[in-house]
Amino acid sequence: MDSTQKDSRCPKKVLTSLAYYHGVDLLSEEFAKIMDENDPLRHFRERFAFPKNGTLRGSDSNLVDEKSDCIYLCGNSLGLKPKKADEYMQAQLDKWANMGVEMHFEEPLPAALCDRYGREELGHLVGADPSCVTLMNGLSVNLHLLLLSFYQPTNIRYKILLEAHAFPSDRYAVRSQAELRGYNPDEAVIEVSTRPGEQTLRTEDILKVIEDEGESIAVVCMSGVQYYTGQKFDMELITKAAQERGCIVGWDLAHAIGNVELQLDKWNVDFACWCSYKYMNSGPGCIAGAYVNKRHNEREVSHLKGWWSNKEVTRFQMKDECDTAVGVDAFRLCNPPPFLVALVKASLEIFEEAGMTNLLKKQFLLTGYLEHLINTYFHSGQLKAPSCIIITPDDVSQRGCQLSLIFSYPLQEIHKELQKRGVVCDVRLPNAMRVAPAPLYNSFRDVYRFIRILQEVFSICKSEGA
Ligand SMILES: *Cc1c(COP(=O)(O)O)cnc(C)c1O
């Protein structure tokens, strides 16, 4: 890599040259304004409902304008509602009211066929042939259904590998799967840890465990982007290394879909699952998704079945024997909820229009801008004054939108003061604050204002602490 290429992967350098080009100070509000004006995706913000300061529980009417939009930096946890969601959901409710059972075959999104929807769009987001993805259930359910098929332990190969401190649901899922098969999860589940004093995992350490223990590992089942640290794992490399050792590889893409580039087909991933309410903006607990590599269509994968596992053409013949569909479709059990698919549609339409490549370009600048401002203002060596460090990797190939911050001051205090001032971001115990500007609806000015407010909060914390 020559130095210009390297510079083009360093947001600070790119932002600095943009500021120079526009003749403004990188730290000025003017810069944020110019970046917003030149942002080709800026209009997408209007397509989302922003909570108002006045309706947020923690806001203080003495400190914020109640009628203004909050500063929403929490798309990692719950993406904002696309305004079209109401219309699409209402259309389904109306159809139910007006047609009853006949809604099953009535456009738009005929109830009985509504899980046809989204294959193309989801395929674009995860880098997969449309036939390899489907909408179904919730994430933890899908993880279990997929593990039930893909975790086929033998005497020699019976372990499951995931990262230490994984999202609890994933940890419970893999441990209970091991238990279900009669293993002691403490022995059968390998959790790869960070090195002492380090916050994120080194790829080489993950590869080392796969190298050393690969022969006893049945399934590698990590998250694509770690929920706590925001670290994106090298899914391609890990998949390849694990498969070379004979392991099956599945990814939990909860924090990855709609956030980072995914190429499941190209990376030859065995299976994957995700929820749709984080960067995917489809609403809390909304219908989730799953992927199964085409390669497994040939192989006999045993799985749990329900009537929806039938091929679509024979599904309503109500045969005693299941005429099982091919690939991921066979994993479906229930008839899908059109109300939820309507929400997914409201969201996926926007992704299609904006395009993941454009979103990633903006993410590079937007999260890089947040990173630069934090490092400029808050990265202080003295622990007495409040300071803050970013634990998310600074290498852009190892992260998405989110930066996870650790403060030298009690986290809950800082969070409370931010909430009073109309900032929405979240806290994850033991001690991280997650801040995630989403390129679909966040602006550079959101980030600028967040930083100004954090400065104000720090000055209060400082005087209170003194
Ligand atoms: C958000 C998230 C979940 C949540 O699971 P649900 O089944 O949707 O409640 C699980 N795993 C990971 C890694 C997550 O980020």
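As named in an unreviewed UniProt entry, the chain is Kynureninase, taken from Halocaridina rubra. Quoted verbatim from the Subunit (unreviewed entry) field of the UniProt record, the comment on the chain reads "Homodimer."

Novice: I'd like a rundown of the sheet that holds strand 7 (residues 217-223), residues and numbers included.
Specialist: Here 7 strands make up an open sheet; going across it, the order is 4-10-9-8-7-5-6 and the pairing mixed. Across the chains shown, the open sheet's two edge strands, defined by having one partner strand only, are strand 4 (133-135) and strand 6 (189-192). Taken over all neighbouring pairs, the strand axes of this sheet differ in orientation by 15° on average, direction set aside. For strand 7 and strand 8 (residues 248-252), the ladder comprises 5 bridges, and the chain directions are parallel. The residue of strand 8 that forms the bridge with Met222 is Trp251.

Novice: Which residues make up the pairing of strand 9 (residues 271-274), and what values go with them?
Specialist: Burial along strand 9 is two-sided: the face carrying Phe271 and Cys273 and the face carrying Ala272 and Trp274 are both buried. Strand direction decides the pairing type here: strand 8 and strand 9, joined by 3 bridges, are parallel. Bridge assignment links Gly250 to a residue of strand 9, and that residue is Phe271. Taken together, the 4 bridges between strand 9 and strand 10 (residues 289-292) define a ladder with antiparallel strand orientation. Within the sheet, the bridge partner assigned to Cys273 lies in strand 10 and is Ala290.

Novice: Pulling in residues and values, what's your account of the site of the ligand?
Specialist: Lining the immediate environment of the ligand, one finds Leu139, Ser140, Phe167, Asp170, Asp252, Ala254, His255, Cys275, Tyr277 and Lys278. In the model, a nitrogen atom of the ligand is placed 2.6 Å from a nitrogen or oxygen of the Asp170 side chain. Taking Tyr277, its side chain carries an N or O atom lying 2.6 Å from an oxygen atom of the ligand. Here the ligand has 390 Å² of accessible area as a free molecule, and 83% of this is covered by the chains. Residues of the shell around the ligand, tallied by class, amount to 5 nonpolar, 2 polar and 3 charged.

About the cut-offs
- Residues numbered from 1 in each chain as written.
- Predicted model: local features only at pLDDT ≥ 70, side-chain atom pairs only at ≥ 80, totals over all residues.
- Heavy atoms only, no water.
- UniProt positions renumbered as here; feature names shortened; annotations may be inferred.
- Pairing = 2+ DSSP bridges.
- Helix = DSSP H or I, 4+ residues; strand = E, 2+ residues; numbered from the N terminus.
- Axes fitted to C-alpha atoms, helices over the stretch in contact; angles between N-to-C directions.
- Buried < 20%, exposed > 50% of the residue type's maximum accessible area, 1.4 Å probe, protein only.
- Near = heavy atom within 4 Å.
- Polar contact = N/O pair within 3.5 Å; in protein donor to acceptor, adjacent residues only side chain to side chain.
- Areas by Shrake-Rupley, 256 points an atom, 1.4 Å probe, with all protein chains shown as cover.
- Nonpolar A, V, L, I, M, F, W, Y, C, P; charged D, E, K, R; others polar.

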